[in-house]
Amino acid sequence: MISVSEAISYEFATGPDLYALCQQAASARDNAWGTQLTFSKKVFIPLTNMCRDSCGYCTFVQSPDSIHSNYMTPEQVLKTAHEGAALDCKEALFSLGERPEERHQKARDLLAALGYDSTLDYLHDQCESVLTHTTLLPHVNAGALSFDELKRLKPVAASMGMMLENVSNELLKKGQAHYACPDKTPKRRLDTIEQAGRLDIAFTTGILIGIGESWEERVLSLIAIRDRHLAYGHVQEVIIQNFRAKAGTAMAGCQEPDLDDMKRTIAVARLILPDDISIQAPPNLEVEYGSYINAGINDWGGISPLTKDFINPERAWPQISSVAQACEGLGYSLAERLTIYDRFQHQEQKYLTPNLTQRVASLMSRAAQASRQLQGDIA
Ligand SMILES: O=c1nc2n(C[C@H](O)[C@H](O)[C@H](O)CO)c3cc(O)ccc3cc-2c(=O)[nH]1
Ligand SMILES: C[C@H]1O[C@@H](n2cnc3c(N)ncnc32)[C@H](O)[C@@H]1O
Ligand code: SF4
């Protein structure tokens, strides 16, 4: 592990310095994770695109005035889940806006028509429905949640996650990415990670880079994640995600991080975070995603053969076979994992409630089978 001051000193690493940094991170990854990179075969379930926040980078969120703002119905949820299961997907990623009913009358009306007064109650029941009626494992990405909310969701989700984004309070100011976003205060985000730790929830988090934070704030965000993991041991993966500018958003004209910036951040994350945390970067937000391998990632996150990335809908998923080839070209293999990583699966029902244990075990053997097939296809 490198020190905070060493991590901060890499801010301007380019050329040979960046190359050396990446080599150091790649060898740390090889030692901890070997030469197998992973992904999770999933479907995306955007339960609602209404939200009480208004992040400057987000096109997922729809205004209640838009005809596109909605909740998925229980039938739509199951249709997507069934179609995903038929394509051998194993994860149902529930990703949604935060507490829209606390801000928008339309959200209250639509929820009432579904028989609910809270988005999180509806989320709970839709996760339960996917568990009951399909073979998929729910992963909940619903933003900042309280201890009680996380506790209630634990039996209906195999894992959960929430991007920390960044610990910078500056981003909350007017004109910045998180202005008027009550759920993006570093305090609420850090508290969510902490409560998930107290509850033994296998947890995904990460940072969004290029949203107006300084390099030092990026490093401090990784340190904040590390500290909570050292206290509870529950952080399974950290996503390093690059901001993509989108037309029609407040940040449409902002500069996107370049490939070197991503590589530098991935490498520093690998060297700051404990070895047992997986480092993930998405393959659909960068054309030259293969070079993330040289910077120290060991995971690509969720990839869907069915649904688009609703958060970055203009960025198509690469074919799983193309990702496998990119890995193979650099001497790595590609394997399928579940939404809950292997090492969290066998801990005496610490992370998994009893109703989930059997499901996870049988999906594990199907994922192993799919991985063998993937490697056979390449060979
Ligand atoms: O398709 C996406 N999947 C996202 N995922 C899902 C991820 O790709 C995988 O499904 C999980 O890593 C499974 O372990 C997230 C999951 C989280 O818990 C937190 C944030 C994200 C962010 C994204 C995202 O922007 N796009
Ligand atoms: C689910 C996660 O997607 C990320 N997210 C939201 N909007 C964008 C964007 N324009 N570019 C990249 N990532 C984005 C945020 O980090 C959120 O937490
Ligand atoms: S990123 Fe999440 S919290 Fe922010 S506006 Fe979009 S849906 Fe809401």
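Residues numbered from 1 in each chain as written. Chains lettered and ligands numbered in written order. Predicted model: local features only at pLDDT ≥ 70, side-chain atom pairs only at ≥ 80, totals over all residues. Heavy atoms only, no water.

On to the overall build of the protein, then. Counting its regular elements, the protein contains twelve helices and nine strands. Relative to the globule expectation of 21 Å for 379 residues, the C-alpha radius of gyration of the protein, 20 Å, shows essentially globular dimensions. By its C-alpha atoms, the protein is 60 × 50 × 40 Å across when sized along the principal axes. Looking at the protein as a whole, 59% of its 379 residues are labelled buried. The long-range share in the protein, meaning contacts at least 24 apart out of those at least 6 apart in sequence, stands at 77%. Mean positive and mean negative side-chain charge positions of the protein (36 and 47 charges, respectively) differ by 2 Å. (Helix = DSSP H or I, 4+ residues; strand = E, 2+ residues; numbered from the N terminus. Rg over C-alpha atoms; globule rule 2.2 N^0.38 Å. Buried < 20%, exposed > 50% of the residue type's maximum accessible area, 1.4 Å probe, protein only. Contact = heavy atoms within 4.5 Å. Lys, Arg positive; Asp, Glu negative; His and termini not counted. Charge placed at Lys NZ, Arg CZ, Asp CG, Glu CD.)

A few words on the nonpolar core. In this structure, L123, I240 and W300 are the most contacted members of the largest nonpolar core, which totals 102 residues. The greatest single-element share of this core, amounting to eight residues, is contributed by helix 9 (residues 259–272). Formed by nine residues, the second largest nonpolar core is a distinct cluster that contains Y57, C181, L208 and I211. (Core = buried A, V, L, I, M, F, W, Y, C linked by side-chain atoms within 4.5 Å.)

In this section: unusual backbone geometry. Backbone geometry follows two general trends: most residues other than glycine have a negative phi, and most peptide bonds adopt the trans configuration. Phi is positive for D88, close to 75°, though the residue is something other than glycine. One can find D88 in the loop between helix 3 (74–86) and strand 2 (91–95). Note on D88: relative accessible area 26%, which makes it partly exposed. Positive phi, close to 70°, is recorded for E165, a residue that is not glycine. Structurally, the position occupied by E165 is in the loop between strand 4 (159–161) and helix 7 (186–198). Taking relative accessible area as the criterion, E165 reaches 6% and is therefore assigned buried.

Near ligand 1 there are 21 residues, and of these K42, E91, H139, E237 and G302 occur at the shortest range. Between ligand 1 and Q280, the relevant distance is 3.1 Å, taken from an oxygen atom to a side-chain nitrogen or oxygen of the residue. R337 places a side-chain nitrogen or oxygen 2.9 Å from an oxygen atom of ligand 1. Alone, ligand 1 offers 530 Å² of accessible surface; in the complex the protein occludes 97% of this. (Near = heavy atom within 4 Å. Polar contact = N/O pair within 3.5 Å; in protein donor to acceptor, adjacent residues only side chain to side chain. Areas by Shrake-Rupley, 256 points an atom, 1.4 Å probe, with all protein chains shown as cover.)

Further remarks concern the environment of A295. Here A295 lies in helix 10 (residues 291–295). In the structure, A295 is positioned 168 residues away from C127 in sequence and 35 Å away in space, judged by C-alpha atoms. Excluding residues that lie within four positions of it along the chain, A295 makes contacts with C22, A25, K263, I266 and A267.

We now examine the UniProt feature "domain: Radical SAM core" (unreviewed entry) in the protein. UniProt tags residues 37–284 as "domain: Radical SAM core" (unreviewed entry). In residues 37–284, helix accounts for 36% and strand for 16%; the two terminal C-alpha atoms are 16 Å from one another. (UniProt positions renumbered as here; feature names shortened; annotations may be inferred.)

Attention now moves to helix 8 (residues 215–232). With 18 residues, helix 8 extends 26 Å between its outermost C-alpha atoms, agreeing within 8% with the 26 Å of an ideal straight helix rising 1.5 Å per residue. For helix 8, the full list of buried residues reads W215, E217, R218, V219, S221, L222, I223, A224, I225, R226, R228 and H229. On its buried face, helix 8 is in contact with helix 1 (4–9), helix 7, strand 5 (203–209), strand 6 (235–242) and helix 9. Two residues or fewer after helix 8 comes G233, characterised by a positive phi angle close to 75°. (Expected span 1.5 Å × (residues − 1).)

Ligand 3 sits among C51, D53, C55, C58, F60, V61, G97, E98 and K184. Here the residues of the shell around ligand 3 sort into five nonpolar, one polar and three charged. (Nonpolar A, V, L, I, M, F, W, Y, C, P; charged D, E, K, R; others polar.)

Inspection of the secondary structure puts H178 in the loop between strand 4 and helix 7. Judged by relative accessible area, H178 falls into the buried class, the value being 1%.

With that settled, consider the environment of Y179. Checked against the element boundaries, Y179 lands in the loop between strand 4 and helix 7. Among the residues examined, Y179 registers a relative accessible area of 39% and is labelled partly exposed. Separated by 44 residues in the primary sequence, Y179 and T135 have C-alpha atoms spaced 40 Å apart. Once residues within four sequence positions are removed from consideration, Y179 is found in contact with S54, L171, L172, K173 and K174.

What follows concerns the packing of helix 8 against helix 9. The contact between helix 8 and helix 9 brings their axes to 10 Å, and the two run at 35°. The handedness of the crossing between helix 8 and helix 9 is right-handed. Every residue of helix 9 that contacts helix 8 at W215, R218, V219, L222, I223 and R226 is listed here: D261, R264, T265, V268, A269 and I272. Here the residues of the contact of helix 8 with helix 9 are counted per class, giving seven nonpolar, one polar and four charged. (Axes fitted to C-alpha atoms, helices over the stretch in contact; angles between N-to-C directions. Left-handed = near helix turned anticlockwise from the far one by under 90°.)

Take the environment of G97 next. By the element assignment, G97 lies in the loop between strand 2 and helix 4 (105–114). In the structure, G97 is positioned 45 residues away from A142 in sequence and 6.8 Å away in space, judged by C-alpha atoms. Not counting chain neighbours up to four residues away, the residues in contact with G97 comprise T48, M50, C51 and F60.

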